Amino acid sequence: DGGITQSPKYLFRKEGQNVTLSCEQNLNHDAMYWYRQDPGQGLRLIYYSQIVNDFQKGDIAEGYSVSREKKESFPLTVTSAQKNPTAFYLCASSTDQVASYEQYFGPGTRLTVT
Amino acid sequence: GDSVTQMEGPVTLSEEAFLTINCTYTATGYPSLFWYVQYPGEGLQLLLKATKADDKGSNKGFEATYRKETTSFHLEKGSVQVSDSAVYFCALSDLQTGANNLFFGTGTRLTVIP
């Protein structure tokens, strides 16, 4: 089955540690995205990548980093510089076709930093 | 800039009641409009979409019509079920601001009671 996988589902870290969240897709999509979701708020875009080896900052990129070495993979690193890292993180992908801009989402990773 | 405003929740309805969740938007170009649904602990799933004015998106008994004159995309369902309990997000993508990026509303939590 085609889809997006995120692992792990729950992640716990101590303050001051970097942590990397995994996102893999087998939909052959060109574009991938990372969002952060906080309680009672909509999704906020962290980073996005429209093609391999290229990515752009979203609205809240500070304290995060990404890489896009393969089309299928778009890992997100939450660095110790991120002041409030505890959140639900969602990865998404989309085709780059003109006719459709819907995004397909993974199941999410809930990160708790104490 | 582009933005989406949605009806604040939470919304609680009895089974078989009529549902409306309001969504209005601001966009610089000609956006595509989406409704996503998020079940507890999961990622987002596309519920329906409309890509041009007067289009009606529909799925699983839900409907929304793209109204350019009122810049709205209200979600409706004639008879809700307990299984419809979830958070609903209105979103837009705008060709003029980066077609692959979605702008989300804050979400509306729906609870349907038997």
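The rules behind these values
- Residues numbered from 1 in each chain as written.
- Chains lettered and ligands numbered in written order.
- Predicted model: local features only at pLDDT ≥ 70, side-chain atom pairs only at ≥ 80, totals over all residues.
- Heavy atoms only, no water.
- Helix = DSSP H or I, 4+ residues; strand = E, 2+ residues; numbered from the N terminus.
- Rg over C-alpha atoms; globule rule 2.2 N^0.38 Å.
- Buried < 20%, exposed > 50% of the residue type's maximum accessible area, 1.4 Å probe, protein only.
- Contact = heavy atoms within 4.5 Å.
- Lys, Arg positive; Asp, Glu negative; His and termini not counted.
- Charge placed at Lys NZ, Arg CZ, Asp CG, Glu CD.
- Buried area = accessible area lost by both parts, 1.4 Å probe.
- Salt bridge = Lys/Arg side-chain N within 4 Å of Asp/Glu carboxyl O.
- Polar contact = N/O pair within 3.5 Å; in protein donor to acceptor, adjacent residues only side chain to side chain.
- Pairing = 2+ DSSP bridges.
- Axes fitted to C-alpha atoms, helices over the stretch in contact; angles between N-to-C directions.

Asker: What is the right way to look at the overall build of chain A in this model?
Answerer: Each helix and strand counted, chain A has zero helices and 11 strands in total. Counting from the amino terminus, chain A carries its helices and strands in the arrangement β-β-β-β-β-β-β-β-β-β-β. Against the 2.2 N^0.38 benchmark of 13 Å for 114 residues, chain A shows a C-alpha radius of gyration of 13 Å, consistent with a compact globule. Structurally, chain A occupies a C-alpha span of about 40 × 25 × 25 Å along its principal axes. Expressed as a percentage of the 114 residues in chain A, the buried residues total 47%. In chain A, the share of contacts with a sequence separation of at least 24, taken over all contacts with a separation of at least 6, comes to 52%. Looking at charge distribution, chain A has the averaged site of its 11 positive side-chain charges lying 9 Å from that of its 12 negative ones.

Asker: What exactly am I supposed to notice about the interface of chain A and chain B here?
Answerer: Contacts between the two partners involve 25 residues from chain A, matched on the other side by 20 residues from chain B. Summed over both partners, the interface of chain A with chain B comes to about 1,700 Å²; 51% of that surface belongs to carbon and sulfur atoms. Applying the counting criterion to the chain A and chain B interface returns one salt bridge. With a shortest N-O distance of 2.4 Å, Lys49 of chain B and Glu102 of chain A are connected by a salt bridge. For the pair chain A and chain B, the number of links is five residue pairs in polar contact (both at pLDDT 80 or more). Elements represented by at least two residues in the side of chain A that touches chain B include exactly β4 (31–37), β5 (43–51) and β9 (87–94) of chain A.

Asker: Whenever I open this one, the sheet that holds strand β3 (residues 19–25) of chain A confuses me. Can you help?
Answerer: Residue and element names in this part refer to chain A. Here four strands make up an open sheet; going across it, the order is β1-β3-β8-β7 and the pairing antiparallel. At either margin of the open sheet sits one strand with a lone partner, and together these are β1 (4–7) and β7 (64–66). Strand-to-strand twist in this sheet, taken as the mean axis angle between neighbours without regard to direction, amounts to 20°. Note that β1 and β3 share four bridges and pair antiparallel. Bridge pairing links Gln6 to Cys23 in β3.

Asker: Got a minute to help me understand the environment of Thr86 of chain A in this structure?
Answerer: Residue and element names in this part refer to chain A. Summarising the element assignment, Thr86 is placed in the loop between β8 (76–78) and β9. Looking at Thr86, the relative accessible area reads 38%, which means it is partly exposed. Not counting residues up to four positions away in its chain, the partners in contact with Thr86 are Arg36, Asp38, Leu111, Thr112 and Val113.

That is the geometry; function is a separate question.
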